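# Understanding the architecture of this molecule
So the chains spell out like this:
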Amino acid sequence: MNRKTMIAGGLLLAGLALWLGVREAVSSARRTAGDSGNDRQAAVHFPGESDGSPARKTKVSDRTEVRRATHVPERLREFLLPPMEIRGLSLQAALAKLLAAYEDACLISGESPLRLKFTLPPGFDARVNANLGNSNLDGSIRLLAGLAGLTVRRDGAEYLFEIPEAFSDGQPRKIEVPPDFGSQLQRLVGITSVDSSEVPRSTLQETLARLGILNNPGAVRLTGLTLTTPDAKDHAILKALLNSMASDSPIQYRVEPKIVSIPAGTDIDIPEGTLDTAGMGVFMRELATRRGVDLLTMPSATARPGETANIDIIRELIAPTDASGQEFETHETGVKLGITATGIGFGQQLDVNFSAVTGDIDPATGLAKISVDASIEESAWSPDAAARPLVQTHPDGSRILVLVAPTLVDATGRPMKEPD
């Protein structure tokens, strides 16, 4: 679902006209990042492999030197991976796919990956199915462990997977669950449901059965926000699922773009790469000292990963289609900006589409005179809360600059990370 912010008004449109003093657009600039490579097997060590063969390396591993990791294992709870689907893979293969995505995300975001190690029970070959959203690496590993019926703990860069022990007394155990536990389970198995926070108890067992991971889903009972099960394995799986859900809180991003019109002949260097908060402040102050530079701060918008946040400042121009004046058509003029962000590493992969259109009635013909004054389409990676400058230079030397700084926020709108 797209989220659109539309603002129309004389003051904004009057201000818009000031900085849209450019001529004709040139071809759009485009820069694309590397592919995600989720289907390659990662270079990761699994102790006790039956065939004794060395782990295969991804193309990422083949083309990058082994360097010291640029982040500590504790930050894997923040390291985001793109969505992926795992169907019928062994736990070992699923973890290898996860690690391939991790290495590729490190390549895109400029990180050096950790040399992670997984220790699985000897001969363990359970298969897993999961729809992993834009999730963090640590939470995804714990989720896969739970889906395989194992518990997991991390010791440094090593994840230790263990088979849960049976209850000594055979009595049911209780597990407290969040209000949206049922809907999270539905998303896990790929069920699209209405926006309700609970699944009726009559369908909870059906959802658990569709997961295909419990010994006895029919014995699971939900009373209020408490689950009970008499099966030790099922108890461990459900606890692992809950722990992975808790460590993988829903994320969204907020953007508040700035559009800058720079006249021809203005001596100002647009920074390459990205600008952090401090750098952005310095750059804005420098722009303010240049004569003729116009700045438009667009309204903010919030969207979920993979959704497009559309921010439009437009007006409708109704004009006749021919000289007869019998038929009319509507033209949208103004600024349109679409931003799609997906969490990658400690930042976001951005897809930005910007256009600026001006229009008026030609007094000579009485028809609409429409001009595309700017068109920018670009893909790039940006650290969280850092501004990515996107620029278009026109034949007369004037420039249009778009500054986009997406920030990861929680459900309350608060930033999820402290500034680096």
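Please refer to the structure higher up on the page.
Residues numbered from 1 in each chain as written. Predicted model: local features only at pLDDT ≥ 70, side-chain atom pairs only at ≥ 80, totals over all residues. Heavy atoms only, no water.

This part is about the pattern of salt bridges. Counting across every chain of the model gives 7 salt bridges. The partner of R153 in a salt bridge is E162, and the shortest N-O contact between them spans 3.4 Å. Residue E162 is classed as partly exposed on the basis of its relative accessible area, which comes to 37%. Of the charged contacts, one joins K336 and E332 as a salt bridge, the two residues approaching to 2.5 Å between their closest N and O atoms. (Salt bridge = Lys/Arg side-chain N within 4 Å of Asp/Glu carboxyl O. Buried < 20%, exposed > 50% of the residue type's maximum accessible area, 1.4 Å probe, protein only.)

Y102, L144 and F161 are the most contacted members of the largest nonpolar core, which has 52 residues in total. Going through the elements one at a time, β2 (84–90), α3 (91–109), β4 (127–132), α4 (137–147), β6 (158–162), α5 (181–188), α6 (201–211) and α7 (232–246) are the ones with two or more residues in this core. Among the elements that take part in this core, α3 stands out by supplying 9 residues, more than any other. Listed in part, the 24 residues of the second largest apolar core include M298, A341, A356 and I376. (Core = buried A, V, L, I, M, F, W, Y, C linked by side-chain atoms within 4.5 Å. Helix = DSSP H or I, 4+ residues; strand = E, 2+ residues; numbered from the N terminus.)

Summed over the entire model, instances satisfying the criterion amount to 4 aromatic pairs. Centre to centre, the rings of F79 and F346 are 5.2 Å apart; their planes meet at 85°, and the pair counts as edge-to-face. With a gap of 267 residues between them, F79 in the loop between α2 (59–63) and β2 and F346 in the loop between β15 (328–344) and β16 (347–361) connect regions that are remote in the sequence. Seen from their ring centres, F118 and Y159 are 5.8 Å apart, and the 25° between their planes marks the pair as stacked. Of the two residues, F118 is situated in strand β3 (residues 117–119) and Y159 in strand β6; the sequence distance between them amounts to 41 residues. Its relative accessible area of 0% is what places F118 among the buried residues. One aromatic cluster is present, built from ring pairs that chain together F79, Y102 and F346. (Phe/Tyr/Trp six-rings, centres within 6.5 Å; stacked < 30°, edge-to-face > 60°.)

If you walk across this open sheet you meet the 3 strands as β7-β9-β8, and the pairing is antiparallel. With one partner strand each, in any of the chains shown, β7 (173–176) and β8 (221–223) form the two edges of the open sheet. When strand polarity is set aside, the average angle formed by the axes of neighbouring strands in this sheet is 30°. Looking at chain direction, β7 and strand β9 (residues 226–229) are connected through 4 bridges and run antiparallel. Directly across from E176, in β9, lies its bridge partner T226. (Pairing = 2+ DSSP bridges. Axes fitted to C-alpha atoms, helices over the stretch in contact; angles between N-to-C directions.)

Treat this as a map of the structure, not an account of what it does.
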